[in-house]
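# Architecture and fold: a report
Chain by chain, the residues:
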Amino acid sequence: METSRIAPYRIDIPQAALDDLRERLHRTRWAPELPGTGWERGVPTGYLRELAAYWADGFDWRAQEAALNAFPQFTTTIDGANVHFLHVRSAVPGATPLLLLHGWPGSVVEFLDVIGPLTDPVAHGGAAADAFHLVIPSLPGYGFSGPLPGTGWTDGRTAAALAALMDRLGYDRYGVQGGDVGAFIAPLIGRAAPERVIGVHVNALLTFPNGDPAIMGALTDAERARLAGMEEWREKLGAYMNLQGTRPQTIAAALHDSPAGQLAWIVEKFKDWTDPAAKLPEDAVDRDRILTDVSVYWFTETAGPAAHTYYERFNDAAGWAPRPRGTVPTGVAVFPTDFSVRPLAEPVHNIVRWSEFDRGGHFAALEAPDLLVAELRAFLGGRS
């Protein structure tokens, strides 16, 4: 029988799992590549071999594990699913509760660089009024939350579970921030609990043509270019999404068995989606941070379960059905690799803040934590 019990949690990956990872990486059968080709065909084997060698023999998982364990972590059961979360309270009285939601292929690792500035703003150049209490869950089916108990975990169901988590923690009023998958879920939490959510902030928000000739006809050249960029992205870079959304169990077989395959599947996204000024993934995000994120998927065996959430999204008729405009005040941050178009977002969200940046990328909390922190302070600070 499900209870409301919240249990302390500490990450402690068995040494046998680390040894197994190293052995598997050393035994990888590397795919040949055609001469004269590069990233345009996927992750180059030469780059992947070097990164995998570092993952096997240079990367220090125990140091990263300790960094994660420096923050209080807990698990609880909601709607039959295990939910893992970091809960970092500020020492500032009256701090604003804030729920931070990662995306795919992300994890709680995304937010490590914003925890200090958001919970202790005075020590990081801010004002005490900008302090936040942070709740950072591993989305159900991802990371330390572990596999889901069954099918049917749509974005709406996940949103309801996370709203229940905030209720269980005693937060009557709170903000929500999310990027990528989190940008789907965060607004749904606002819809599920509009009387509790003081504001929704998103980055990497997808906006779609709605068929309204007045809106489409009034788009600026820049907005049309962004919309065209999203279509090009869908055609050239969306294979991962179609595979996870239609045949998740097939890709799960490969990702579950091969760490090199898991590494390629994720590091490709750190190349394609990060700041265009970065030539390599580690030019945008620290290499150890990338490998920590990949390691979380590997050690928790959640590459497949996370892929299945795409299947649920693809096949959720209610999730794609027209709905009334959201009422919760919404802030949108747009980074260089985002395709958000304000006139297409306005009919769906109650947008009161729209910010565009010339650096950073899809993984905002990892690439430009200072910009994201400033955004959250400006939009949600002091609003508890």
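The rules we used
- Residues numbered from 1 in each chain as written.
- Predicted model: local features only at pLDDT ≥ 70, side-chain atom pairs only at ≥ 80, totals over all residues.
- Heavy atoms only, no water.
- Salt bridge = Lys/Arg side-chain N within 4 Å of Asp/Glu carboxyl O.
- Helix = DSSP H or I, 4+ residues; strand = E, 2+ residues; numbered from the N terminus.
- Expected span 1.5 Å × (residues − 1).
- Buried < 20%, exposed > 50% of the residue type's maximum accessible area, 1.4 Å probe, protein only.
- Contact = heavy atoms within 4.5 Å.
- 1 Å grid on protein atoms, 1.4 Å probe; cavity = no way out; pocket = protein on both sides within 12 Å on 5 of 7 lines; lining within 4 Å.
- Points joined across faces, edges and corners; volume = space filled by probe spheres on them.
- Nonpolar A, V, L, I, M, F, W, Y, C, P; charged D, E, K, R; others polar.
- UniProt positions renumbered as here; feature names shortened; annotations may be inferred.
- Phe/Tyr/Trp six-rings, centres within 6.5 Å; stacked < 30°, edge-to-face > 60°.
- Lys NZ or Arg CZ within 6 Å of the ring centre and 35° of its normal.
- Core = buried A, V, L, I, M, F, W, Y, C linked by side-chain atoms within 4.5 Å.

Enumeration according to the criterion identifies 21 salt bridges in this entry. D167 serves as the salt-bridge partner of R196, at 3.1 Å between the closest nitrogen and oxygen. Taken together, the residues span a long stretch of sequence, with R196 in the loop between α6 (181-192) and β7 (197-203) and D167 in helix α5 (residues 155-168) at a distance of 29 residues. Several salt bridges share partner residues, and in doing so they unite D167, D172, E195 and R196 into one network.

It is worth spelling out α6 at this point. For α6, built from twelve residues, the straight-helix expectation of 16 Å at 1.5 Å per residue is met to within 8% by its first-to-last C-alpha distance of 17 Å. Most of α6 sits out of view: nine of its twelve residues are buried. Buried residues of α6: V181, G182, A183, I185, A186, P187, L188, I189 and G190, and no others. The inward-facing, buried residues of α6 abut β4 (96-101), α5, β6 (174-179), β7 and α14 (303-314).

Let us now look at the layout of surface pockets. In this model, the largest pocket occupies a volume close to 1,000 Å³. Forming the boundary of the largest pocket are 44 residues, of which W233, R234, L237, Y240 and W273 lie nearest the centre. Looking at the lining of the largest pocket, the elements with two or more residues in it are α6, α8 (221-237), α9 (239-246), α11 (259-272) and α14. Looking at the lining of the largest pocket, its residues break down into 25 nonpolar, five polar and 14 charged. Of the volumes computed, that of the second largest pocket is approximately 770 Å³.

Our next topic: the UniProt feature "domain: Epoxide hydrolase N-terminal" (unreviewed entry) in the protein chain. Within this numbering scheme, the UniProt entry marks residues 6-111 as carrying the feature "domain: Epoxide hydrolase N-terminal" (unreviewed entry). Spanning residues 6-111, this segment combines 32% helix with 23% strand, and its end C-alpha atoms are found 22 Å apart.

Cis geometry is found at the peptide bond from W104 to P105, where omega equals 0 degrees. Following the sequence through the fold, P105 ends up in the loop between β4 and α4 (112-119). Even without a glycine there, the phi angle at D79 is positive, about 55 degrees. Among the secondary structure elements, D79 is positioned in the loop between β2 (73-78) and β3 (81-88).

Turning to the packing of aromatic side chains, a few remarks are in order. Scanning all chains against the criterion turns up 16 aromatic pairs. Here the aromatic residues W104, W233, Y240, F270, W273, Y310 and F363 are joined through ring pairs into a cluster of three or more. Positioned over the ring face of Y54 is R287, at 5.4 Å from the centre of the ring. The positively charged end of R313 is found above the aromatic ring belonging to F184, 5.4 Å away from the centroid.

In this section: the side chain of T119. Residue position: T119 is located in helix α4. The class for T119 is buried, based on a relative accessible area of 11%. If we skip the residues at most four places from it in the chain, T119 touches V88, S90, A91, A131, F132 and L134.

With that out of the way, let us pick up the nonpolar core. Judged by nonpolar contacts, the single largest core of 110 residues is most densely connected at W104 and I189. Ranked by residue count, the leading element in this core is helix α13 (residues 287-300), at seven residues. Excluding residues that lie within four positions of it along the chain, I189 makes contacts with L99, L101, A159, L162, A163, Y174, V176 and V197. Counting residues in hydrophobic clusters, the runner-up holds five residues, among them A333, A364, A368 and L371.

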